[in-house]
Amino acid sequence: MKLVIAIIKPFKLDEVREALSALGVQGMTVTEVKGFGRQKGQTEIYRGAEYSTNMVPKIKVEVACSTDLAPRVVEAIQQAANTGAIGDGKIFVLDVGQVVRIRTGETDETAL
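So, here is what we can say about the structure in this document. (Residues numbered from 1 in each chain as written. Predicted model: local features only at pLDDT ≥ 70, side-chain atom pairs only at ≥ 80, totals over all residues. Heavy atoms only, no water.)

1. With respect to the sheet that holds strand E1 (residues 2-8)
Now for step 1: Across the sheet, 4 strands lie side by side as E2-E5-E1-E6; this open sheet has antiparallel pairing. The outermost strands of the open sheet, each flanked by one partner alone, are strand E2 (29-35) and strand E6 (89-95). Neighbour to neighbour, the strand axes of the sheet diverge by 20° on average, direction disregarded.
Now for step 2: One ladder, built from 7 bridges, connects E2 with strand E5 (residues 56-65); its direction is antiparallel. In the strand pairing of E5, Gly35 is matched with Val56.
Now for step 3: Where helix H1 (residues 13-23) meets the sheet, its contacts fall on E1, E2 and E5, and the angle it forms with E5 comes to roughly 10°.
Now for step 4: Packed on one face of the sheet, helix H2 (residues 70-81) meets E1, E5 and E6 and runs near 5° to E1. (Pairing = 2+ DSSP bridges. Helix = DSSP H or I, 4+ residues; strand = E, 2+ residues; numbered from the N terminus. Axes fitted to C-alpha atoms, helices over the stretch in contact; angles between N-to-C directions. Contact = heavy atoms within 4.5 Å.)

Printed below as a string of structure tokens:
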């Protein structure tokens, strides 16, 4: 099993969700986050004054899936979240040791 974590631009969330639903992904966790990478923050103008923010708003999408499905999940996220501009985000793929569904006690891939 794999845990795919994607950090994407907020306005790309609906496209990513639709792409993952088309693959048959049944669940995901979405979190509003802030951070920076190569962008090093951004400059904004508020009420005529320019100020710099160190953290850029992003969305973190987490999807637990089977090892077989993970490459297709990564590809779907990459294609749906791509704008071609700096700050499109990153995708991380981690191994998952165990999953347990709390309600039924099912484990591993049957719990997904």
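Let us keep going from here.
2. Re the pattern of salt bridges
Now for step 1: Within this structure, the stated rule accounts for 5 salt bridges.
Now for step 2: In this structure, Asp95 engages Lys2 in a salt bridge whose closest nitrogen and oxygen atoms are separated by 2.3 Å. In this pair, Asp95 is assigned in strand E6 and Lys2 in strand E1, connecting sequence segments 93 residues apart.
Now for step 3: Assessed through its relative accessible area of 62%, Asp95 is described here as exposed.
Now for step 4: A salt bridge links Glu15 to Lys12, with the nearest nitrogen and oxygen atoms 3.1 Å apart.
Now for step 5: Given a relative accessible area of 38%, Glu15 falls into the partly exposed group. (Salt bridge = Lys/Arg side-chain N within 4 Å of Asp/Glu carboxyl O. Buried < 20%, exposed > 50% of the residue type's maximum accessible area, 1.4 Å probe, protein only.)

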